[in-house]
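Tertiary structure, described
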Amino acid sequence: MNPDLNLLHPYPFEKLAALKAAVTPPAELKDIMLSIGEPKHEPPRFVLDTLVKNLSKLSNYPTTKGIPELREAIATWATNRFKLAANTFTADKHVLPVNGTREALFAFAQAIVDRTEPNPLIVSPNPFYQIYEGAALLSGAEPYFLHCTPQNNFIPDFAAVPAKIWERTQLLFICSPGNPTGAVMSSGQLKELIALADKYDFVIASDECYSELYFDEQNPPVGLLQACAELGRNDFARCVVFHSLSKRSNLPGLRSGFVGGDAKILEKFLLYRTYHGCAMPVPTQLASVAAWQDETHVIENRKAYAEKFDAVLKILDGVLDVTKPDASFYLWPKTPINGEAFAQKLFETQKVTVLPGSYLAREANGFNPGENYVRLALVAPLEECIDAAERIKNFVQSL
Ligand SMILES: Cc1ncc(COP(=O)(O)O)c(C=O)c1O
């Protein structure tokens with residue numbers, strides 16, 4: 001079999017299950033899971049109704065390119081959201097539906113990496129969403145990690161990357177708002193990256209699946225397409241973004257998102273996807289149209305997360321070294337003891353599950369930037385998040 005499969009790391013949740021299996025939590029306490037980034041708010045009813053109403057359309061094969069209505073809805077959404085110049089981000093050439101960004105991020109690397117070049121690199125933030133690493137390893141590239149630490153406000157220091165690394169780079173993954181840190185890249189930082197991509201001839205894959213979970217209605221996170229538009233780079237050359245309904249609309253099970261950007265890249269990616277066989281079912285596409293055309297439910301969603309952040313941070317204030325992220329639904333506190341030991345003891349004594357930060361990062365230059373962190377996903381209902389925060393407080397005070 002493909003020997004590269006042996007290079008894949010166990011998924012963070014496999015490691016977490018082993019960590020938890022070694023201890024026994026108090027039987028009387030209710031289990032609270034803050035470990036998995038799976039939205040738990042109600043999905044919009046009208047989206048589910050649209051899905052059900054269109055189930056008869058399962059009798060046709062869908063096309064990989066997707067129905068025009070969906071591509072139009074996405075092009076309109078992205079043009080408004082990211083202030084793109086009129087008619088530059090088109091339904092026909094700049095958008096492809098994908099079955100969640102996970103599959104698209106993975107497949108994209110296969111389509112981009114040129115194995116005839118010597119020693120290709122895929123550069124990724126660290127900590128990171130583990131699919132970037134798997135995508136690199138199975139595309140025949142080597143992953144190269146850039147630490148995200150408090151010193152750089154959890155945004156990699158791209159200016160410090162040596163030229164000889166950029167010369168080998170074929171693809172750069174960025175994640176803004178970041179998982180797990182919630183850090184948002186500025187328009188200036190995105191523009192500097194675009195200049196680097198031009199200079200060294202690589203593609204930027206911008207994972208923006210948390211872009212709609214922010215706190216200030218007047219100040220949404222910028223995206224890579226927006227940085228292109230501000231530069232007048234209306235062909236979005238070398239730039240591709242990944243967006244999802246999973247977090248925005250609480251529809252992780254719908255498996256619906258899109259890739260958008262550079263038309264030349266998307267044309268080839270469409271060819272790849274045609275063989276890959278990952279067309280989105282038509283009822284899913286029609287449900288997605290309804291979701292992308294509505295913002296009311298997204299505003300409600302943001303409000304629900306903001307309420308949880310406020311309540312939890314009030315309890316953890318002075319208890320843990322933690323701050324409100326720029327965006328996303330994660331907290332990334334620094335732990336008073338090693339993050340893995342913290343997660344295990346917290347589960348053993350309080351039955352609250354959090355994810356050790358080291359499971360989301362790799363050691364590079366002798367250092368794992370997730371080592372003394374844990375990730376808390378504020379996905380549980382408000383009362384449960386409050387209960388979990390109280391239990392974390394008791395636990396930290398007992399250390
Ligand atoms: C950073 C990041 N990217 C992509 C995904 C994949 O999301 P989906 O495949 O549901 O669109 C996730 C899911 O947790 C994520 O955290």
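Everything quoted here is computed from the prediction, not taken from an experiment. (Residues numbered from 1 in each chain as written. Predicted model: local features only at pLDDT ≥ 70, side-chain atom pairs only at ≥ 80, totals over all residues. Heavy atoms only, no water.)

Notes on unusual backbone geometry
This is how it is decided: Starting at the N terminus, helices and strands are each numbered in turn, a helix being any DSSP run of H or I of at least four residues and a strand any DSSP run of E of at least two.
Here the amide bond leading from N126 into P127 is cis, since omega sits at 10 degrees, within 30 degrees of zero. When you line up the elements, P127 lands in the loop between β3 (121–126) and α5 (131–138). Residues S176 and P177 are joined by a peptide bond in cis, for which omega reads -5 degrees. When you line up the elements, P177 lands in the loop between β5 (169–175) and α7 (187–200). Not every positive phi belongs to a glycine, and N153 is a case in point at roughly 55 degrees.

Quick look at the side chain of K247
What counts here: Each residue's exposure class comes from its accessible area (1.4 Å probe, protein chains only) as a fraction of the maximum for that residue type: buried when under 20%, exposed when over 50%, partly exposed otherwise. His residues and chain termini do not enter the charge count, which takes Lys and Arg as positive and Asp and Glu as negative. We define a salt bridge as a side-chain nitrogen of Lys or Arg found within 4 Å of a carboxyl oxygen belonging to Asp or Glu. For the purposes of these results, a polar contact is taken to be a pair of N or O atoms within 3.5 Å, where, inside protein, one atom must be able to donate a hydrogen and its partner to accept one; residues adjacent in sequence count only when each atom of the pair is a side-chain atom. Residue contacts are counted whenever heavy atoms from the two residues lie within 4.5 Å of one another.
Here K247 lies in helix α9 (residues 245–248). At 8.6 Å, E38 is the nearest oppositely charged side chain to K247, a buried residue that forms no salt bridge. Reaching out from K247, the side chain makes a polar contact with the backbone oxygen of G37 at a distance of 2.9 Å. Beyond its immediate stretch of four places on either side in the chain, K247 contacts G37, P39, C209, Y210, L213, N301 and F329.

Details of helix α13 (residues 339–350)
For clarity, the cut-off: A helix's residues, less one, multiplied by 1.5 Å, set its expected span. In this description, the arc belongs to the directions extending from the helix axis to the C-beta atoms.
For α13, spanning 12 residues, the distance from its first C-alpha to its last is 16 Å, which sits close to the expected 16 Å at 1.5 Å a residue. Among all positions in α13, only G339, F342, A343, L346, F347 and Q350 are buried. Taken around the axis of α13, the buried residues stretch over an arc of 125 degrees, which confines them to a single face. The secondary structure elements touched by the buried residues of α13 are α1 (12–21), β10 (352–353), β11 (355–356), β12 (374–377) and α14 (382–398). Sitting at the head of α13, N338 places a side-chain oxygen 2.8 Å from the backbone nitrogen of E340. K351 sits one or two residues past α13 and shows a positive phi near 55 degrees.

A word on the site of the ligand
Rules: Consider each residue's heavy atoms; a residue with any of them within 4 Å of a molecule or strand counts as near. Note on areas: these come from Shrake-Rupley sampling with a 1.4 Å probe, and a residue is covered only by the protein chains present in the view. Charged residues are taken to be Asp, Glu, Lys and Arg, nonpolar residues to be Ala, Val, Leu, Ile, Met, Phe, Trp, Tyr, Cys and Pro, and polar residues to be all remaining types, Gly included.
Neighbouring the ligand are 15 residues; T101, D207, S244, S246 and K247 lie closest to it. Here K247 contributes a side-chain N or O atom positioned 2.7 Å from an oxygen atom of the ligand. Contact with the protein chains hides 92% of the accessible area of the ligand, taken as 400 Å² for the molecule alone. When contributions to the shell around the ligand are tallied by element, the ones reaching two or more residues are α4 (101–112) and α9. For the shell around the ligand, the element with the most residues is α4, which contributes 3 residues. For the shell around the ligand, the per-class residue count stands at 6 nonpolar, 5 polar and 4 charged.

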